[in-house]
Amino acid sequence: MTVEIVVYNIASALKAQEGGADRVELCDNPGEGGTTPSFGTVEVVRANLGIDVYVMIRPRGGDFCYSSYEFHAMKRDIYQSQKLSVDGVVLGILNPDGTIDKKRCKELIDKARPLKVTCHRAFDMTRDPFQALEDCIEAGFDRILTSGGQMQAIKGATLIGELIKRANGRIAIMPGSGVNENTVEELVAKTGATEIHFSAAATTDSLMQYRNPDIAGMGSDEGSEFKLKTVDPERIKAIRALAEKKSS
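Quick look at the structure, then. (Residues numbered from 1 in each chain as written. Predicted model: local features only at pLDDT ≥ 70, side-chain atom pairs only at ≥ 80, totals over all residues. Heavy atoms only, no water.)

**Focus: the overall build of the protein**
Note the threshold: Put simply, DSSP marks the helices as runs of H or I at least four residues long and the strands as runs of E at least two long, and each gets a number from the N terminus on. The accessible surface values rely on the Shrake-Rupley method and a 1.4 Å probe; as for residues, cover is taken only from the protein chains in view. His is not counted, nor are the chain ends; Lys and Arg add positive charge and Asp and Glu add negative charge. Where a charge lies is defined by one atom per residue type: Lys uses NZ, Arg uses CZ, Asp uses CG and Glu uses CD.
Helices and strands together make up the secondary structure of the protein, namely eight helices and ten strands. Dimensions of the protein along its principal axes, counting C-alpha atoms only, are 55 × 45 × 35 Å. Approximately 11800 Å² of the protein is accessible, and the part contributed by carbon and sulfur atoms is 49%. Across the protein, the mean location of the 31 positive side-chain charges is 4 Å away from that of the 35 negative side-chain charges.

**Some thoughts on helix H5 (residues 129–139)**
The test is simple: A simple rule labels every residue: compare its accessible area, found with a 1.4 Å probe on the protein chains alone, to the largest value its type can have, and call it buried under 20%, exposed over 50%, or partly exposed in between. In what follows, residue pairs with any heavy atoms lying within 4.5 Å of each other are defined as contacts. Pairing of N or O atoms within 3.5 Å defines a polar contact, subject to two protein rules: one partner must be a possible hydrogen donor and the other a possible acceptor, and residues neighboring in sequence count only if both atoms are side-chain atoms.
Here H5 has its buried residues at Ala132, Leu133, Asp135, Cys136 and Ala139. Those residues of H5 hidden inside the fold are in contact with helix H4 (102–112), strand S5 (116–119), strand S6 (143–146), helix H6 (157–167) and strand S7 (172–175). Backbone nitrogen of Phe130 and a side-chain oxygen of the N-cap are separated by 3.0 Å at the start of H5; the cap is Asp128.

**Quick look at the layout of surface pockets**
Remark: the empty space left among the atoms is shown by a probe the size of a water molecule rolled over them. What counts here: Using a grid of 1 Å spacing that covers the protein atoms alone, one calls a set of points a cavity when a 1.4 Å probe fits there but cannot get out, and a pocket when the set is open and has protein on both sides within 12 Å along at least five of seven lines; lining residues are those with an atom within 4 Å of a point. Grid points are joined across faces, edges and corners, and a volume is the space filled by probe spheres set on the points. When residue character is reported, Ala, Val, Leu, Ile, Met, Phe, Trp, Tyr, Cys and Pro are called nonpolar, Asp, Glu, Lys and Arg charged, and the others, Gly included, polar.
By volume, the largest pocket is sized at about 610 Å³. Taken together, 31 residues make up the lining of the largest pocket; nearest its centre are Tyr8, Gly33, Arg121, Ser177 and His197. Class assignment for the residues of the lining of the largest pocket results in 13 nonpolar, twelve polar and six charged.

**Re H4**
Put simply, the test is: What the arc measures is the spread of directions leading from the helix axis to the C-beta atoms.
Buried residues of H4: Arg104, Cys105, Leu108, Ile109 and Ala112, and no others. Take H4 and look down its axis: the buried residues cluster within an arc of 135 degrees, on one side only. Contacts from the buried residues of H4 go to helix H3 (68–83), strand S4 (88–91), S5 and H5.

**Quick word on the packing of H5 against H6**
How we decide: To define axes, lines are fitted to C-alpha atoms, for helices over the stretch in contact only, and angles between the resulting N-to-C directions are given on a 0 to 180 degree scale. For classification, angles of less than 35 degrees are called roughly parallel, those exceeding 145 degrees roughly antiparallel, those between 65 and 115 degrees roughly perpendicular, and all remaining angles oblique. By definition, turning the near helix anticlockwise from the far helix through less than a right angle yields a left-handed crossing, and turning it clockwise yields a right-handed one.
Their axes nearest at 11 Å, the elements H5 and H6 cross at an angle of 40 degrees. In this view, H5 runs oblique relative to H6, as classed from their interaxial angle. For the element pair H5 and H6, the recorded crossing hand is right-handed. Here Pro129, Phe130 and Leu133 of H5 come into contact with H6, specifically with Leu159, Glu162, Leu163, Arg166 and Ala167. Considering only residue class, the contact of H5 with H6 consists of six nonpolar, no polar and two charged.

**Section: the sheet that holds strand S3 (residues 52–56)**
Whenever strands of a sheet pair, they do so through backbone hydrogen bonds, lying parallel or antiparallel. Basically, it comes down to this: When DSSP finds at least two bridges between two strands, those strands are taken to pair.
Read across the sheet, eight strands follow the order S7-S6-S5-S4-S3-S2-S1-S8 without closing on themselves; strand pairing throughout is parallel. In this open sheet, the two strands that pair with only one neighbour each are S7 and strand S8 (195–198). Along the sheet, successive strands turn relative to each other by an average axial angle of 25 degrees, direction set aside. Direction of pairing for S4 relative to S5: parallel, over a ladder of four bridges. Looking at S5, one finds that Leu91 is bridged to Cys119. Here H6 sits on the sheet in contact with S6 and S7, set at roughly 165 degrees to S7.

**Comments concerning a nonpolar patch on the surface**
As a reminder, the rule being used: Patch membership requires more than 30% relative accessible area and the absence of a salt bridge. Residues of like charge join within 9 Å; the nonpolar side chains Val, Leu, Ile, Met, Phe, Trp and Tyr join within 5 Å. We define a salt bridge as a side-chain nitrogen of Lys or Arg found within 4 Å of a carboxyl oxygen belonging to Asp or Glu.
Residues Ile10, Leu14 and Val44 make up a contiguous nonpolar surface patch of roughly 200 Å² in combined accessible area. Its place among the elements puts Val44 in helix H2 (residues 39–48). Here Val44 falls in the partly exposed class, since its relative accessible area comes to 35%.

**What about the pairing of S6?**
Worth spelling out the cut-off: By convention a crossover is right-handed if, when the strands point away from the viewer, the path from the first strand over the helix to the second runs clockwise.
Judged by which residues are buried, S6 turns out to be covered on both faces: Arg143 and Leu145 on one side and Ile144 and Thr146 on the other are all buried. Here S5 runs beside S6; their pairing, made up of two bridges, is parallel. Across the sheet, the residue bridging to Thr118 is Arg143, located in S6. For the crossover that starts at S5, traverses H5 and ends in the parallel S6, the hand is right-handed. Sheet topology note: the S6/S7 ladder contains four bridges and is parallel. Its bridge partner lying in S7, Leu145 is registered against Met174. Tracing the backbone out of S6, into H6 and back to the parallel element S7 gives a crossover that is right-handed.

**Here we look at the side chain of Asp124**
Its location among the elements puts Asp124 in the loop between S5 and H5. Separated by 3.4 Å, the side chain of Asp124 and the backbone nitrogen of Gly148 make a polar contact. Excluding residues within four positions of it along the chain, Asp124 makes contact with Leu145, Thr146, Ser147, Gly148 and Gly149.

Below is the structure:
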């Protein structure tokens, strides 16, 4: 079982490695589902992790239909990621009609080589997942991260299982979204997945001793100023053990 942990900061990446993850997907902006992290963060993570580091290539939150300016930014972000010696990138572009934009995805994939390339959950926003599967293969993706078109992968398990069968080894299919101690056994049993993607999320208390009583958080989450998002290494180990029990 290959375990990928999505991380949003340096501390989480280090915790993911401590927990025995095989790979991290490094992002920024968890509230928007992940965008491209700063290259200072990428550089520090790459220098301190011995496991695979994949970088999210997503210029903004929202939909996956990008302007020519945003497309150019994605090319530049891939170039910078290559310079920092990461192992892979994660991206996806859709056409307005809900199909995979094969032309532009292929252009980015070709630029990214020899890095590995994962299609992220833009896949889940396509109108026909089986056509999208073939389009991802044709474009050259190595892997698809999917929840089976549902909010949580366990709810899309039947579709994920069918995608794995239809892929027949031509591309890896990795379930993600809501994968945890309560869902992973059923998910692996129903899909036959050999890769899983999850967060093993945890929070730690801020080191700040002085706390302004009038500002609890800089963003929309009340109290978030003094709660730091991280990863629990013990949860990674537990979820992996449950997954491997079902896959053996």
